[in-house]
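What follows is each chain in one-letter form.
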Amino acid sequence: MSSLDDTDGIADWEPGDYFSQILIDFVDRERASVGPVGGCIAELLDVREFVAFATNWMERELCP
């Protein structure tokens, strides 16, 4: 069994780690529920909505 090593992302993006930026942008648009779980803050995402958002984000930001 193998897995994708996405430590450095899949495509070059000058600011760095775009996976975390996708989540930040999704949450900033109030498309996730954010609240306390135990002693931390967690995000609850609709996976279909997030995948569509992330796909559009990567096409816009990573594809010239």
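All values derive from a computational prediction rather than experimental measurement. (Residues numbered from 1 in each chain as written. Predicted model: local features only at pLDDT ≥ 70, side-chain atom pairs only at ≥ 80, totals over all residues. Heavy atoms only, no water.)

**A closer look at the overall build of the protein chain**
Which entries qualify depends on this criterion: We count a stretch as a helix when DSSP gives it H or I for four or more residues in a row; a strand needs E for two or more, and each element gets its number in order from the N terminus. Only protein chains enter the accessibility calculation, which uses a 1.4 Å probe; a residue is then buried when its area is under 20% of its type maximum, exposed when over 50%, and partly exposed in between. Each accessible area is a Shrake-Rupley estimate made with a 1.4 Å probe; only the visible protein chains count as cover when residues are assessed.
In terms of helices and strands, the protein chain carries 2 helices and 2 strands. Secondary structure elements of the protein chain, listed N to C terminal, follow the sequence α-β-β-α. Within the span of the protein chain, comprising 64 residues, buried residues form 19% of the whole. Counting only carbon and sulfur atoms, one obtains 53% of the accessible surface of the protein chain, whose full area is about 5200 Å².

**Side note on the pairing of strand β2 (residues 40–44)**
The line we're drawing: The pairing criterion is simple: DSSP has to find at least two bridges between the two strands.
When strand β1 (residues 33–37) meets β2, the two strands line up antiparallel, connected through 5 bridges. Looking at β2, one finds that Ser 33 is bridged to Leu 44. Between β1 and β2, which pair antiparallel one after the other, the connecting turn spans 2 residues, and Gly 38 there sits at a positive phi close to 65 degrees.

**Digging into the packing of aromatic side chains**
Put simply, the test is: Aromatic rings from Phe, Tyr and Trp, with only the six-membered ring used for Trp, were paired whenever their centres fell within 6.5 Å, and each pair was classed as stacked if the ring planes differed by under 30 degrees, edge-to-face if by over 60, and tilted otherwise.
Overall, the coordinates contain 4 aromatic pairs when judged by the stated rule. Ring centres 6.4 Å apart and planes at 20 degrees place the aromatic pair Tyr 18 and Trp 57 in the stacked group. Within this pair, whereas Tyr 18 is found in helix α1 (residues 18–28), its partner Trp 57 is found in helix α2 (residues 47–62), the two being separated by 39 residues in sequence. Look at Trp 57 and you get buried, because its relative accessible area is 2%. Ring geometry for Phe 26 and Phe 50: centres 5.1 Å apart, planes at 85 degrees, overall edge-to-face. Of this pair, Phe 26 sits in helix α1 while Phe 50 is found in helix α2, placing the two residues 24 residues apart along the sequence. Accessibility classification places Phe 26 together with Phe 50 in one group, the buried group. Every member of this aromatic cluster is reached through a ring pair, and the members are Tyr 18, Phe 19 and Trp 57.

**Some details on the confidence of the model for the protein chain**
It should be kept in mind that the predicted coordinates are not to be read in detail where pLDDT is low. The test is simple: The predictor's confidence in any single residue is recorded as pLDDT, a number from 0 to 100.
Confidence in the prediction for the protein chain averages 85 pLDDT; 83% of positions are at 70 or higher. When mean pLDDT is taken per element in the protein chain, β1 scores highest with 95 and α1 scores lowest with 90.

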